[in-house]
Amino acid sequence: MERRLIASNRKARHEYAVLKTYEAGIVLRGTEVKSLRAGQASLVDAFAQERDGELWLYGLHIAEYAYGTWTNHQPKRMRKLLLRRVEINRILDRIHEPGLTLVPLSLYFSNGWAKVELGVARGKRSYDKRQALAERDANREIARELGRHLKGASQRSRAGRGF
């Protein structure tokens, strides 16, 4: 399955603890698709909400198509998300729980269709964020030391063989 990334919301993984992810299609207009193919999208302020029993994506910025005419789209219009009714009901049950929200994580093309990855997420507290940063730094330092150790061991083994 071909998956070409258009935009990702890196800040969302820092701000939220993602509990479950879903893949949804998006209802788009012609010039929006052309602009997405050019990589002109931003998920920075985007969020998803329920409206009339359907899920809608708000705040997704898709830049106007450079070669579009009067038929060009509005960059920040709300866009309907395409999911099966069962999935919509599951998501709605989850996000009605206190503290949970629906956050778009990435926007991509999958076999030619524009898709968005949604995450049911809980907001992190500041100490959770600090703990995640400390853990990431520790893992990076461990990987660095392991690399140095393996590099040093391989150099010593070659030196003993007369190379």
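Let us look at the structure shown here. Everything numeric in this text was worked out from a predicted model, so none of it was measured. The numbers attached to residues start from 1 for each chain and follow its sequence in the written order. pLDDT decides what is reported in this predicted model: residues at 70 or higher carry local features, side-chain atom pairs at 80 or more are listed and counted, and totals for whole chains, interfaces and linings draw on all residues regardless. Each side-chain value is derived from all of the structure's non-hydrogen atoms; neither hydrogens nor water enter the calculation.

**Considering unusual backbone geometry**
In step 1: Although it is not a glycine, aspartate 52 sits at a positive phi angle of roughly 55 degrees.
In step 2: Strands here mean DSSP runs of E at least two residues long; helices mean DSSP runs of H or I at least four residues long; both are numbered from the N terminus. Relative to the helices and strands, aspartate 52 resides in the loop between β4 (47-51) and β5 (54-58).
In step 3: According to the relative accessible area criterion, aspartate 52 is exposed, its value standing at 72%.
In step 4: At asparagine 111, a position not held by glycine, the phi torsion is positive, near 50 degrees.
In step 5: On the secondary structure map, asparagine 111 appears in the loop between β8 (100-110) and β9 (113-123). Under the scheme applied here, a residue whose accessible area is under 20% of the maximum for its type counts as buried, over 50% as exposed, and between as partly exposed, the area being computed with a 1.4 Å probe on protein chains only.

**Let's talk about the sheet that holds β9**
In step 1: Any two strands between which DSSP finds at least two bridges are classified as paired. Here we have seven strands laid out as an open sheet, ordered β1-β8-β9-β2-β7-β5-β4, and antiparallel in their pairing. The sheet terminates laterally at β1 (3-8) and β4, the two strands that pair on one side only. The mean angle between the axes of side-by-side strands here comes to 45 degrees, regardless of whether they run parallel or antiparallel.
In step 2: Of the strand pairs in this sheet, β5 and strand β7 (residues 79-82) are connected by two bridges, and their pairing is antiparallel. Opposite tryptophan 56, over in β7, you have lysine 80 as the bridge partner. Comment: axis = line fitted to C-alpha atoms, over the contacting stretch for helices; angle = value between 0 and 180 degrees taken between N-to-C directions.

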